[in-house]
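Chain by chain, the residues run as shown.
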Amino acid sequence: MDFASMAQYAPLFVEGLKVTVQIAFVAVIIGAILGLVVALGKLSANKVISFIATTYIQIIRGTPVLVQLYIIYYATYPLFGFNIPPYIAAVATFGLNSSAYVAEIIRAGIQAVDFGQMEAGRSLGLPHGMVMRYIIIPQAIKNILPALGNEFVVLLKETSVVSIIGTTDLVRQADIIKAATYSNFEPYIIIALIYIVLVLGLSTLINQLERRLKRSDYR
């Protein structure tokens, strides 16, 4: 093993790290926004809207993310007549995939809020939408922040599959370095260590946030 020779490829590892983090970060934002909409749709009293939201969640959660990535990347040209860039396909895929899981997290968080909160708001003359916006959802978000953080950690690791469509993430850069150096071991050990550092760092931040939220509940 010759890890010293990998030093000259540090810029490629750094670039791959940037792409990996960017995809995960943008995807989790898309997932959070779309997940909130889907969660509210599933909880809607309108049976049609609830059915659509539930079906969406079942389809996304019931299919592998790799299959979703292939569909989004390869189906755009035959369906719409243009090719989608690999980076956009990766962000879109993981944003949609994350939204289904985030929707269930948010739904559980909303349902965990005491129903008396809704009744109290309605008794004050507030419409259902305002009660959800100003009373229920803020409390639910506070409860689900640790779960959302864990979703980001999972998403960060799952993005490793985007190298299959040519996105220059950490895994793709390791493939490029392997082809240039004929080193079948060192590049993947290095990116494995990078993933471990990222995950441990994020997990530490999530645990600290969870402890702060628990302390604030007792004040």
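Residues numbered from 1 in each chain as written. Predicted model: local features only at pLDDT ≥ 70, side-chain atom pairs only at ≥ 80, totals over all residues. Heavy atoms only, no water.

1. A few points about the nonpolar core
Within the largest apolar cluster, 22 residues are counted, with the highest numbers of intra-cluster contacts made by Ile23, Phe94 and Val162. Only α1 (10-42), α3 (65-80), α4 (86-112), α6 (128-158) and α8 (186-217) provide two or more residues apiece to this core. At five residues, α1 tops the list of elements feeding residues into this core. Beyond its immediate sequence surroundings of up to four residues, Phe94 is in contact with Ala27, Val65, Leu155, Glu158, Thr159, Val161 and Val162. Of all hydrophobic cores here, the second largest spans 17 residues; its members include Val102, Ile106, Met132 and Ala140. (Core = buried A, V, L, I, M, F, W, Y, C linked by side-chain atoms within 4.5 Å. Buried < 20%, exposed > 50% of the residue type's maximum accessible area, 1.4 Å probe, protein only. Helix = DSSP H or I, 4+ residues; strand = E, 2+ residues; numbered from the N terminus. Contact = heavy atoms within 4.5 Å.)

2. Focus: unusual backbone geometry
Residue Tyr182 is not a glycine yet carries a positive backbone phi of 60°. For Tyr182, a relative accessible area of 72% corresponds to the exposed category.

3. Some thoughts on the environment of Ser123
Position of Ser123 relative to the elements: it lies in helix α5 (residues 115-123). Separated by 27 residues in the primary sequence, Ser123 and Asn150 place their C-alpha atoms 36 Å from one another.

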